[in-house]
Amino acid sequence: MTSLGRAFGFLWSSTALSNVADGVLKVGAPLLAVSMTRSPTLVSLVGAAATAPWLLFALHAGAIADRADRRRIMVLANAARTVILAAVAVLAWLGLLDLWLLLAAVLLASVSEVFADLSAQSILPTAVPREHLTRANGRVSTAQMIGNDFLGAPAAGLLVAVLPAVVFGAPALLYGLAGLLLLGMRGAYGPDRAGTPATPVTSARRPLRQDIAEALRYLWAHRILRSLAITAGLLNLANAAYFAVLVLWAVGEESPIGLKPHEYGLMTTAFAVGAVLGSLLSGRAAGRFGEFGTLAGAWLISSLLLLVPVLAPSPWTLYPTAVLWGLTGAAGNVLVISARQRLIPAELLGRVNSAYRLVGMGGMPLGAALGGVVAEFAGLGAVLAGSAGVCLVAVGLVWRALSDRISRPLTSEPTLSDISGSR
């Protein structure tokens, strides 16, 4: 860690703590919802509430990240999550928690997450040299997976059964500590710190909509980023539908798999085992098979694995499948994030990242809600199998769009043909 610098150490530590909190909420909120209702539509609203802020606030959050100190934004976002979740924990302790309060808590915490996460991805190139971005992203991804799935998720499964109020209280404490750690990153972390000469194209006097429009034009004109964003959007929409109802397919005596709540938390731990391996091995795999080939292969395998719980619904198949989900998902994430950080100019990084993630994640609330509605009428199995089909179509589209780059580094600087959109 020290070889990447003191600032990265504080950033990594903050990321680790905040992702433990994310893991508790990610698993704890749906499990609490299942204890309140067995309606697929209502349970899927938890996933929709967690992802809807990306659709509503991503572009503005990215534009603000290109105007202000990104570390300060992250500190304020963590403080907001602390206050929100601490208040809900008190209400839960008093026995006032219901489904609608649960949804409100997830929604408000997720608004803060949008600002924190976009600033975090934009701040990393200011904290480490550009030649170390892939290694730094691998370590950040490892911390995220360990926090989310090794620690937070299993803890959530136990907390739901023992003391539901702590599902909100523990994340509140962790977000507060994460914000304090960021104060150790001394200095300013605005867009002019990003390893390239400062280019003051963003003015605080200019309307935010102009900054947002500039980012959208850049993303649409860049053939590589555009193709990856559209594919990511389809993958995330389908996966949101899939995982919004997977808890009903997996948890409960009447479910096909029949897991108990704490066993569902252990499934996400299995996911984390694979994710850590994927994060650490992604660079080595890209060096051997090419970055685009590794990315497309990871997405393809992950899509095919979605069929396993449908075709063989058993804990004995679910746990190893979760390991492979984690491995392929984390490897793909490391490569895509590193590519964006290299391809996007420093002064546009926050805005174009936000535009990319709007396309990539904007469909997630729709997917989560759609998964619940379709499950009501066609059954859980139809949602799970249909989501896998959409993912396979998406991988086919990106393979066709960027097949000419299989033997070339995905993270190389864009050529004129890349930017102009010519094939």
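The shown structure was predicted, so the numbers you read here are calculated from the model rather than taken from an experiment.

## Details of the overall build of the protein
Moving on, step 1. Within the protein, the regular secondary structure consists of 16 helices and 0 strands.
Moving on, step 2. Carbon together with sulfur atoms contributes 69% to the accessible area of the protein, which is approximately 16800 Å² in total.

## Focus: the confidence of the model for the protein
Moving on, step 1. Chain-level pLDDT for the protein is 82 on average; 89% of the residues reach the 70-or-more range.
Moving on, step 2. Taken as a whole, residues 194-203 scores under 50 in pLDDT and shows 19 contacts with residues more than four places along the chain or in a different chain.
Moving on, step 3. Within the model, the stretch residues 410-423 combines pLDDT values under 50 with 39 contacts to residues more than four positions away or in other chains.

## Things to note about the nonpolar core
Side chains of nonpolar character tend, in soluble globular proteins, to be buried together.
Moving on, step 1. Within the largest apolar cluster, 100 residues are counted, with the highest numbers of intra-cluster contacts made by Leu102, Phe168, Val247, Tyr264, Trp299 and Trp325.
Moving on, step 2. A total of 17 residues in this core trace back to one element, the largest contributor, which is helix H8 (residues 223-250).
Moving on, step 3. Leaving out residues up to four positions away in the same chain, Leu102 has contacts with Ala29, Leu32, Ala33, Leu97 and Phe168.
Moving on, step 4. Phe8, Leu124, Ala127 and Met185 belong to the second largest nonpolar core, which has 14 residues in total.

## Describing the side chain of Ser14
Moving on, step 1. Turning to its location among the elements, Ser14 is positioned in helix H1 (residues 6-36).
Moving on, step 2. With residues up to four places along the chain from it excluded, the contact list for Ser14 reads Ala178, Leu181 and Leu182.

## A look at the packing of aromatic side chains
Moving on, step 1. Throughout the structure, instances matching the rule amount to 3 aromatic pairs.
Moving on, step 2. Aromatic side chains Tyr242 and Trp325 sit 6.0 Å apart centroid to centroid with 85° between the ring planes, which places their arrangement in the edge-to-face category. Of the two residues, Tyr242 sits in helix H8 while Trp325 sits in helix H12 (residues 315-343), which places them 83 residues apart along the sequence. No difference in accessibility class separates Tyr242 from Trp325, as the two residues are buried.
Moving on, step 3. Look at Phe243 and Trp325: their rings are 5.3 Å apart centre to centre, the planes differ by 75°, and that puts the pair in the edge-to-face class. Residue Phe243 is found in helix H8, and its partner Trp325 is found in helix H12; the two are separated by 82 residues along the sequence.
Moving on, step 4. Residue Trp325 is classed as buried on the basis of its relative accessible area of 4%.
Moving on, step 5. Pairwise contacts between aromatic rings join Tyr242, Phe243 and Trp325 into one cluster.

How each quantity is defined
Residue numbering note: each chain is counted from 1, following its sequence as written. Local features are withheld for residues below a pLDDT of 70 in this predicted model, meaning they are given only at 70 or higher, and side-chain atom pairs are given and counted only at 80 or more; totals for whole chains, interfaces and linings count all residues. Just so you know, side-chain values use all the structure's heavy atoms and leave hydrogens and water out. Helical segments are the DSSP runs of H or I of at least four residues, strand segments are the runs of E of at least two, and each set is numbered from the N terminus. Areas reported as accessible are Shrake-Rupley estimates using a 1.4 Å probe. Residue values count occlusion only from the protein chains shown. pLDDT is defined as a per-residue confidence score from the predictor, taking values between 0 and 100. In this analysis, two residues are considered to be in contact whenever any of their non-hydrogen atoms come within 4.5 Å of each other. Remark: nonpolar core denotes a set of buried residues (Ala, Val, Leu, Ile, Met, Phe, Trp, Tyr, Cys) joined through side-chain atoms within 4.5 Å. Exposed residues in this analysis have more than 50% of their type's maximum accessible area, buried residues have under 20%, and partly exposed residues fall in between, with area computed by a 1.4 Å probe over protein chains only. Two rings from Phe, Tyr or Trp (for Trp, the six-membered ring) form a pair when their centres sit within 6.5 Å of each other. Planes less than 30 degrees apart are called stacked, planes more than 60 degrees apart edge-to-face, and all others tilted.

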